[in-house]
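Letter by letter, the chains look like this.
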Amino acid sequence: MNEIEIMDKDSLRKTALLIPIAVIIGTLNAILAYMFLPPTSAMGLILATCIIVTYVIFRKPKKD
């Protein structure tokens, strides 16, 4: 069985702080997208933005 990797306290604190920030940014993004774009385009923009932000925030350098 694989061992579960436990994050150190700094990484855990950073991740816990980023979650509410991501929710606020996502909510504002959704409101603005639906105000100015048709629903199908707005949904595509929201999904693309979520993927990009998730990649940028949670990418980790490879450990050797």
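Residues numbered from 1 in each chain as written. Predicted model: local features only at pLDDT ≥ 70, side-chain atom pairs only at ≥ 80, totals over all residues. Heavy atoms only, no water.

1. Some remarks on the overall build of the chain
So, step 1. Looking only at helices and strands, the chain features two helices and zero strands.
So, step 2. By residue count, 6% of the 64 residues in the chain fall in the buried class.
So, step 3. Here the chain displays about 6100 Å² of accessible surface, and carbon together with sulfur accounts for 71% of that area. (Helix = DSSP H or I, 4+ residues; strand = E, 2+ residues; numbered from the N terminus. Buried < 20%, exposed > 50% of the residue type's maximum accessible area, 1.4 Å probe, protein only. Areas by Shrake-Rupley, 256 points an atom, 1.4 Å probe, with all protein chains shown as cover.)

2. Considerations on the side chain of Asn29
So, step 1. Relative to the elements of secondary structure, Asn29 occurs in helix α1 (residues 9-36).
So, step 2. The exposure class of Asn29 is buried, given its relative accessible area of 18%.
So, step 3. What Asn29 contacts, discounting residues up to four positions off in sequence, is Leu45, Ile46 and Thr49. (Contact = heavy atoms within 4.5 Å.)

3. Let's talk about the environment of Ala22
So, step 1. Topologically, Ala22 is positioned in helix α1.
So, step 2. With relative accessibility at 38%, the residue Ala22 sits in the partly exposed group.
So, step 3. For the pair Ala22 and Val53, spaced 31 residues apart in the sequence, the C-alpha separation amounts to 8.3 Å.

4. Comments concerning the packing of α1 against helix α2 (residues 39-58)
So, step 1. Direction vectors running N to C along α1 and α2 enclose 160°, while the axes themselves pass 10 Å from each other. On the basis of the axis angle, α1 is roughly antiparallel to α2. As for how α1 packs across α2, the hand of that crossing is right-handed. Every residue of α2 that contacts α1 at Thr15, Leu18, Asn29, Ala30, Ala33 and Tyr34 is listed here: Pro39, Ala42, Met43, Leu45, Ile46, Thr49, Ile57 and Phe58. (Axes fitted to C-alpha atoms, helices over the stretch in contact; angles between N-to-C directions. Parallel < 35°, antiparallel > 145°, perpendicular 65-115°, else oblique. Left-handed = near helix turned anticlockwise from the far one by under 90°.)

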